[in-house]
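Chain by chain, the residues:
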Amino acid sequence: MAGQIKYIKVSRIDGNGVNITNALETLSTIIIPSGSDNVPFQIESATRFPDYYLYYVTPPINYNFSSDITSSVNYNILTTPKNSNNVSAVQYTPMPISLGTINSDSFDFIQSATSSIIPGAGVLTYFSPPTDLQNNNQVYIKLQGTASVNGSGGTGLFEFVKGNINDFNAGSGIQVGTNVFINPNASASLDMEVNTTINFGEVIYLRLREGSNNFNVTTLTFSLETFLQITGSSNGVAKQDLPLEPFFTSPFYGTDCDVTYGNASQPVSNPFLQGIDYGNGTIIPINNDAIISGSATKGTVPESYYTALSSVNIKYNGSKIQSSDVNIFNPLARETDFGDPTNIGTYGQTPSISLNQSLVAYCDWIGGTTPELNNKVAAHIKYLINENGDAISPNLSPITIKDVQNNFTKGKSIEVSLIDPAAGSGMQVLNGNKEILKGGYRVEPILYSQIPNSPFSSSITLETSSLLPVTDVRNSAIRNSSQTATAGASNTLICTTELFDLVNSYNNGTGAYTVQSATVESGVDLIFKAQLVLLALGTAGGLIDIRIENTTTGELVVQDNRTHFGSGNAPVEHTFNISGTVLSNELVAGHVYKVLVDLSGFGPTSATILSGATFETSQIPSATTDALITGSMWEFSASRQDVLTSTNNTLNRSYNFLKQEPISNSGFNNPQFLFTVEPGDQFRFQNDESKVYNIINVIAPDQEPEGKIKLFLDRDVSTSINKDYFLIRRFVDDGSYIIFDENKPAGASGAAFIKPRFTTDILNKDVDQFIQDLKSKNLLT
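Residues numbered from 1 in each chain as written. Predicted model: local features only at pLDDT ≥ 70, side-chain atom pairs only at ≥ 80, totals over all residues. Heavy atoms only, no water.

Chemist: Where do I start with the overall build of the chain in this structure?
Modeler: Assigned secondary structure in the chain consists of eight helices and 47 strands. Relative to all contacts within the chain whose residues are 6 or more apart in sequence, the contacts with residues 24 or more apart total 71%. Of the roughly 39400 Å² of accessible surface on the chain, 48% is carried by carbon and sulfur atoms. (Helix = DSSP H or I, 4+ residues; strand = E, 2+ residues; numbered from the N terminus. Contact = heavy atoms within 4.5 Å. Areas by Shrake-Rupley, 256 points an atom, 1.4 Å probe, with all protein chains shown as cover.)

Structure follows, in structure tokens:
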């Protein structure tokens, strides 16, 4: 392993997917395989991050020492008398070893001293740890070669000895490692190893001592090769299968990995270019002769400038970067429709775009969404946490709701972390990576027939929210054919077909709405509405005025006008939608209201009111009469299986007027909205999430010639489906909710943090850190 590594990053999840945070917290040494060796790194400090630990380590002390003697070296060892124990003095004398050419010893591990014990022995060699070596480190020494002695007596013994420096000077110590016997006046093959620990102040050296029978030596000859390696100890740390990342701590200029290699910091000569010098301002360069001879100073434009596609064809080739998704690189991405690879220019196999989210959610509970939405759960957001550490309400403003919707988008991944789930509750299934169905929305029932204990009800009741008895005085009418509006006159819109007229106020032959006594007595405010499309010929021009007016008094309720300019023969359509309110205290029985199409300021040519024009009145407050809807509710429209309509007159009259009364014990939330249908609402049939249809367009009953609601779906509905076993549901803007894919066990989940899979670096923190932040703001206890 080349280089000095000072930082090591270790994932908190091991190769088997097990969280080993506790083990990493107490780690003191990391051992990394390198070739045939195991290299230990001593940990000096550790920093905990959400997904990993970053360790500052002391690089291992790896001494690769070797030396050799190219010729024999003789040492004269004087024979000395025995001591009182009949042991020769040479027995405890360290023998000098001339190591010859030292190939490497950058840490000064090999020491020497002048012999004072054996006259003529020369410089003695020993091994001693440098000051930066840790205690209790393993030492491996191998000595190979040959030795011969001239002497007399029995056998001698070569051995390695360990002790302190005083032992070395006294020739004493403890024998370690292997040893080799040698006879007088003979040679021996040396193959000796030492594998032991060494601390500060200790030394290891080689000695020759008496083995038996008064061994004496006069001359010692060595021919040696030595090898030394020292590594740190493991300190008993068990092996872990860990994903880890070594970090470089020093530049590596001039290598294949050096991104600045070239002319980023200094110019590199181009052998094919020469510099032109116009230093004197003349037309002919002052180095013209050198240019002709080819000896001018070389130019410094990189050779790659003329071969790299990003330079020679910068408009497209060589500058295109694309990948199949943001934030992630998919090496198995399919080809494009044109047969080209999807991944282009993704150096290092990285995505071309990173989109990191900037909000994290603290949720006070997670609940199920059944029966409105089966097999899903909704997390209720209490606080949104941004990069500044602010904890804000998710429904603070419409902008905040949009932030939630953009931060937790459909199909993206989130990481759910329950703070303190109850043991044995099974709530742990909510933890981990989940797929978002909707973020910033809640699901509400609009109309349903599903009931408990049986599939569905054949009748449902719609109600109003009014508490006092109120008479229903509404009417609705539509024109099924076009009507001519005469130029230079005020024309009354006549809607020929009455969809309903509950107190007989509207005359579909004259277009007059007459206020009835029942309407005045009801005490309601009337809202008059009219919609029409006027086709004006291009040859005419002038002012078109559309208004609703009390023709009894001449009092204007509401108006809209357009200026029409004559422009050839092509007709021009003008669409009008007007609405005005008359308060209850202004209503007088017998007064007449009309929709007037006034062309008195128009040219001499008549205009046409197109078929489909409508006139209706609604009221505030709504009537308190409940509507019981019985029988079949939905059928196909004109044999189209992607269009549903209703022939139930009561249901059609209840549209945008009443809301469903909750069915007892159905499990549905109480309906909050009037019975209306909007694009984006969904039909679910037979309580089956595989039978869900999106509504893409709606024609309300008061806009349809037959007074029937029409719902256009995103695909055909099978004829085998029971259309009266249904739910209409709506996803309503609400920044308090994140709906995701999971089945929740029964019971309380407790609080949780929810993070998008990809967040900005500032929000890439542990749940514990978020909790501490909220507690410091007194938002959590």
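Chemist: Explain a nonpolar patch on the surface to me, please; I cannot follow it from the model alone.
Modeler: On the surface, a cluster of nonpolar side chains totalling about 310 Å² of accessible area is made up of V301, Y305 and Y306. Inspection of the secondary structure assignment puts Y305 in the loop between β18 (298-299) and α4 (309-312). Overall, Y305 belongs to the partly exposed group, its relative accessible area being 47%. (Patch = residues over 30% accessible without salt bridge, like charges linked within 9 Å, V, L, I, M, F, W, Y side chains within 5 Å. Salt bridge = Lys/Arg side-chain N within 4 Å of Asp/Glu carboxyl O. Buried < 20%, exposed > 50% of the residue type's maximum accessible area, 1.4 Å probe, protein only.)

Chemist: Help me understand the nonpolar core in this model?
Modeler: For soluble globular proteins, nonpolar side chains are generally found buried alongside one another. Formed by 36 residues in total, the largest nonpolar core has its most connected members in L532 and L534. For this core, the elements supplying multiple residues, two or more each, are β32 (525-536), β33 (542-550), β35 (572-582), β36 (592-601) and β37 (607-609). Of all the elements, β32 adds the most residues to this core, at six residues. L534 has contacts with I544, V572, E573, H574, F576, V597, L599, A607, T608 and I609, leaving out every residue within four places of it along the chain. Core analysis: the second largest hydrophobic core is formed by 30 residues, I629, Y655, V677 and I728 among them. (Core = buried A, V, L, I, M, F, W, Y, C linked by side-chain atoms within 4.5 Å.)

Chemist: What am I meant to see in helix α5 (residues 398-407) here?
Modeler: In an α-helix, one full turn covers 3.6 residues, which means residues spaced three or four apart are oriented alike. Taken residue by residue, α5 has T400, I401, V404, Q405 and N407 as its buried positions. Contact partners of the buried residues in α5: β20 (376-385), β21 (391-392), β23 (432-448), β46 (726-741) and β47 (752-756).

Chemist: Would you explain the sheet that holds strand β39 (residues 627-630) in this entry?
Modeler: Strand pairs in the sheet, formed through backbone hydrogen bonds, run parallel or antiparallel to each other. The strand order across the open sheet formed by three strands is β39-β26-β42, and the pairing between neighbours is antiparallel. On the outer flanks of this sheet lie β39 and β42 (659-660), each paired with one strand and no other. Here two bridges tie strand β26 (residues 459-463) to β42, and the two strands are oriented antiparallel to one another. Residue pairing for β42: L462 is matched across the bridge by Q660. (Pairing = 2+ DSSP bridges.)

Chemist: I keep staring at the pairing of strand β22 (residues 413-418) and nothing clicks. Help me out?
Modeler: Alignment of β22 against β23, held across four bridges, turns out to be antiparallel. Across the sheet, residue V416 finds its bridge partner in β23, namely G432. One ladder, built from five bridges, connects β22 with β47; its direction is antiparallel. Counterpart to V416 in the pairing with β47 is I754.

Chemist: Would you mind showing me how to read helix α8 (residues 767-776) here?
Modeler: Where α8 is concerned, the buried positions are F770, I771 and L774. One side of α8 holds all its buried residues, which, seen down the axis, span an arc of 100°. For α8, the elements touching its buried residues are β19 (360-368), β20, β21 and β47. The first or second residue beyond α8 is N778, which carries a positive phi of 60°. (Arc of directions from axis to C-beta.)

Chemist: Explanation requested: the environment of K142 in the structure shown.
Modeler: Tracing the chain through its elements places K142 in strand β10 (residues 137-152). For the pair K142 and N195, spaced 53 residues apart in sequence, the C-alpha separation works out to 8.9 Å.

Chemist: How should the confidence of the model for the chain be read in this particular structure?
Modeler: Where the model shows low pLDDT, its predicted coordinates should not be examined in detail. With 79% of its residues at a pLDDT of 70 or more, the chain shows a mean pLDDT of 81. Every residue in residues 62-104 scores below 50 in pLDDT, and together they form 133 contacts with partners more than four places removed in sequence or on other chains. Across residues 225-240, confidence stays below pLDDT 50; counting only partners more than four residues off in sequence or on other chains, it has 57 contacts. (pLDDT = per-residue confidence, 0-100.)

Chemist: Teacher, can you tell me more about the environment of Q322 here?
Modeler: Locating Q322 in the fold gives a position in the loop between α4 and β19. Q322 has contacts with T336, P341, T342, N343, I344, T346 and S352, leaving out every residue within four places of it along the chain. Reaching out from Q322, the side chain makes a polar contact with the backbone oxygen of T342 at a distance of 2.9 Å. (Polar contact = N/O pair within 3.5 Å; in protein donor to acceptor, adjacent residues only side chain to side chain.)

Chemist: Could you clarify how one ought to interpret unusual backbone geometry in this entry?
Modeler: Peptide bonds are mostly trans, and most non-glycine residues show a negative phi. The omega torsion across T370 and P371 is 10°, close enough to zero to call that bond cis. One can find P371 in the loop between β19 and β20. Between I620 and the following residue, P621, the backbone shows a cis peptide bond with an omega angle of 0°. Looking at the element boundaries, P621 is found in the loop between β38 (614-620) and β39. Despite not being glycine, N375 shows a phi value in the positive range, around 60°. Positionally, N375 belongs in the loop between β19 and β20.

Chemist: Can you help me understand the side chain of R474 in this one?
Modeler: Tracing the backbone shows R474 in the loop between β26 and β27 (475-478). Of note is the side chain of R474, whose polar atom sits 2.9 Å from the side chain of D472. At 3.0 Å, the side chain of R474 and the backbone oxygen of R653 are in polar contact. With sequence-adjacent residues up to four places away left out, R474 is seen in contact with F500, D501, L502, T617, S618, Q619, R653 and F657.

Chemist: Looking at this structure, how should I read the pattern of salt bridges?
Modeler: A side chain of one charge can pair with a side chain of the opposite charge if their charged atoms are brought near each other. Going through the model one piece at a time under the given rule, you end up with 22 salt bridges. With its nearest N and O atoms 2.7 Å apart, the salt bridge here joins E549 to R547. Look at E549 and you get buried, because its relative accessible area is 15%. A salt bridge links R684 to E689; its shortest N-O distance comes to 2.9 Å.

Chemist: Just checking my understanding: could you explain the packing of aromatic side chains for this structure?
Modeler: We describe a pair of aromatic rings using the distance from one ring centre to the other and the angle between the two ring planes. Per the counting criterion, the structure on display carries 19 aromatic pairs. With centroids separated by 6.2 Å and ring planes inclined at 70°, the aromatic side chains of W365 and Y737 adopt a geometry described as edge-to-face. A residue pair is termed long-range when its members are at least 10 positions apart, and W365 in strand β19 and Y737 in strand β46 qualify at 372 residues. What makes W365 partly exposed here is its relative accessible area of 36%. In this structure Y737 comes out as buried when scored by relative accessible area, which is 18%. Between F456 and Y725, the ring centres sit 5.4 Å apart and the planes meet at 20°, which makes this aromatic pair stacked. Note that F456 is positioned in strand β25 (residues 454-456) and Y725 in the loop between β45 (710-713) and β46, a separation of 269 residues in sequence. Linked through ring pairs, Y506, Y513, F528, Y593 and F615 together constitute an aromatic cluster. Over the face of the ring belonging to F657 we find R474, whose NZ or CZ atom lies 3.4 Å from the ring centre. Sitting over the face of the ring of F636, K723 holds its NZ or CZ atom 4.3 Å from the ring centroid. (Phe/Tyr/Trp six-rings, centres within 6.5 Å; stacked < 30°, edge-to-face > 60°. Lys NZ or Arg CZ within 6 Å of the ring centre and 35° of its normal.)

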